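Descriptive analysis of the structure
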Amino acid sequence: MKGLSIFYATALLLLACSYASTVPDDWPDVAAYIERVRWHPQGQWILFVRQGEDGSERRIYKVRPDGSGLIALSVPGSHDDLPIWSPDGQQIAFIRRGAPTEVYKMNADGTGVTSLGRHPGIIDLVRWLPDGRIVFIAHRGDGGPMLGTFRASTGEEERFWCDASDADWHPSGNYVVVSRLKGRPSMHANLHEIDLSTKQDRQLTFGVELDDSPRYSPDGEWIVLNTCRNKAGGRLIWLVRRDGTNLHPVPLPDGPNMVESDADFSPDGQYLAFARGEYGATDLYVCRVDGTDLRRITYFDRQAKANSPLKVVKDPASQGKASSASKAQPANKQKQKKSSGVPLSKP
């Protein structure tokens, strides 16, 4: 069970640095937080998971990039997690935790929930590919977590490709970027890119760090990730080129207690959506890839309990104002000016 012990030890470390080190005494024991942010393939919606403050539920939501149209796709008391969009944006696959834990798919409006069966040891859904396969991560046997694929139509598993604790599939279909756990000399995780045909493994990030949650840009030339680099007690979003160069943080106005996580690119590659908040990532934000045009999308009431109706605090400053990120979606309807800070072009 060596692989399992390494995985869970690292999970505890990630949890420890997901919140700022100095938390007020009146902060809830289990803060409501947002994670698993995923932008709609055509840009109309942003998908995310929110855990209730008492930790008793995990619900899937979607919201438009301007903050309008917030919809809960899971019923109160659910334990739904790790949602991913289908390539056409018409369906969502997700994991429903329980006894047993199963993979499901549903329509984009939350209807038509259908089971795709049990996948023993499953810990993540990575991406729904254009050819109808779903990429997932699972523990099997005594080894560490492995990256595999199954058919979205039937749930039938195909094969396992490589070891990975977190991953993304390159738009070309030829590569995967994985977060690989390492236990010596101290627990850490770095990013590697693997050529699926040759199995060539190229390390992209180095150091005793916790680099995870990688996501490729739509053109496949950049990767956004989460890391604790240069941040005492919290996690931030960084960018790195696919060849491992130009590793840098997204320059956001971070206070000492700000935490960011689970970033994803917009379909045109010019924006990032991510979870963010003071002491914990409790709300959804959008910004350009160079950190400009930062917009807060949700205003959740931190006092709302998990079994209470969802409360959202309206931002008076945003009334009647649509964000530029919203206006830019979908990408094929309005041509975007590329960000000057991080041009998403081939190296």
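Here the structure is a predicted model, which means the values were calculated and not measured.

Conventions we followed
Residues numbered from 1 in each chain as written. Predicted model: local features only at pLDDT ≥ 70, side-chain atom pairs only at ≥ 80, totals over all residues. Heavy atoms only, no water. pLDDT = per-residue confidence, 0-100. Contact = heavy atoms within 4.5 Å. Phe/Tyr/Trp six-rings, centres within 6.5 Å; stacked < 30°, edge-to-face > 60°. Lys NZ or Arg CZ within 6 Å of the ring centre and 35° of its normal. Helix = DSSP H or I, 4+ residues; strand = E, 2+ residues; numbered from the N terminus. Buried < 20%, exposed > 50% of the residue type's maximum accessible area, 1.4 Å probe, protein only. Pairing = 2+ DSSP bridges. Salt bridge = Lys/Arg side-chain N within 4 Å of Asp/Glu carboxyl O.

**Looking at the confidence of the model for the chain**
The share of residues in the chain with pLDDT of 70 or more is 74%, and the mean pLDDT across the chain is 80. Contacts from residues 304–324, a stretch scored under 50 in pLDDT, to residues over four places away or in other chains number 32 contacts. In this model residues 326–347 is a low-confidence stretch, pLDDT under 50, and it forms 54 contacts with partners more than four residues away in sequence or in other chains.

**So, the packing of aromatic side chains**
If you walk through the whole model with that rule in mind, you get 8 aromatic pairs. Members of the aromatic cluster, joined through ring pairs, are Phe48, Tyr61 and Phe300. Cation over ring: Arg50 sits above Phe300, and NZ or CZ is 4.3 Å from the ring centre. Directly above the aromatic system of Tyr175 lies the positively charged group of Arg242, at a separation of 4.3 Å from the ring centroid.

**Comments concerning the environment of Arg151**
Turning to its location among the elements, Arg151 is positioned in strand β11 (residues 145–151). Each C-alpha atom of the pair Arg151 and Ile134 lies 6.1 Å from the other, and the pair is 17 residues apart in sequence. Every residue in contact with Arg151, bar those within four places of it in the chain, is listed here: Asp131, Gly132, Arg133, Glu156 and Glu158.

**Quick look at the pairing of strand β19 (residues 236–241)**
Extensive coverage of β19 is indicated by the burial of 6 of its 6 residues. Burial along β19 is two-sided: Leu236, Trp238 and Val240 and Ile237, Leu239 and Arg241, pointing in opposite directions, are all buried. Connecting β19 to the next strand, strand β20 (residues 248–249), in antiparallel fashion are 6 residues, including Gly244 with a positive phi near 90°.

**Details of the sheet that holds strand β1 (residues 33–39)**
Read from one edge to the other, the open sheet built from 4 strands follows the order β1-β2-β3-β4, with strand pairing classed as antiparallel. This sheet does not close on itself; its edge strands, each paired only once, are β1 and β4 (71–72). Bridging between β1 and strand β2 (residues 46–51) involves 5 bridges; their strand directions are antiparallel. If you follow Glu35 over to β2, its bridge partner there is Val49.

**Details of the pattern of salt bridges**
Tallied over the full model, the rule gives 20 salt bridges. Between Asp81 and Arg97 there is a salt bridge; the shortest N-O distance is 3.2 Å. One end of the pair, Asp81, is in strand β5 (residues 80–85); the other, Arg97, is in the loop between β6 (91–96) and β7 (102–107), and 16 residues separate them in sequence. The salt bridge involving Arg276 is made with Glu260; its shortest N-O contact spans 3.3 Å. Here Arg276, found in strand β22 (residues 271–278), pairs with Glu260, found in strand β21 (residues 258–265); they are 16 residues apart in sequence, far enough to count as distant. A single burial state applies to Arg276 and to Glu260, both of which are buried.

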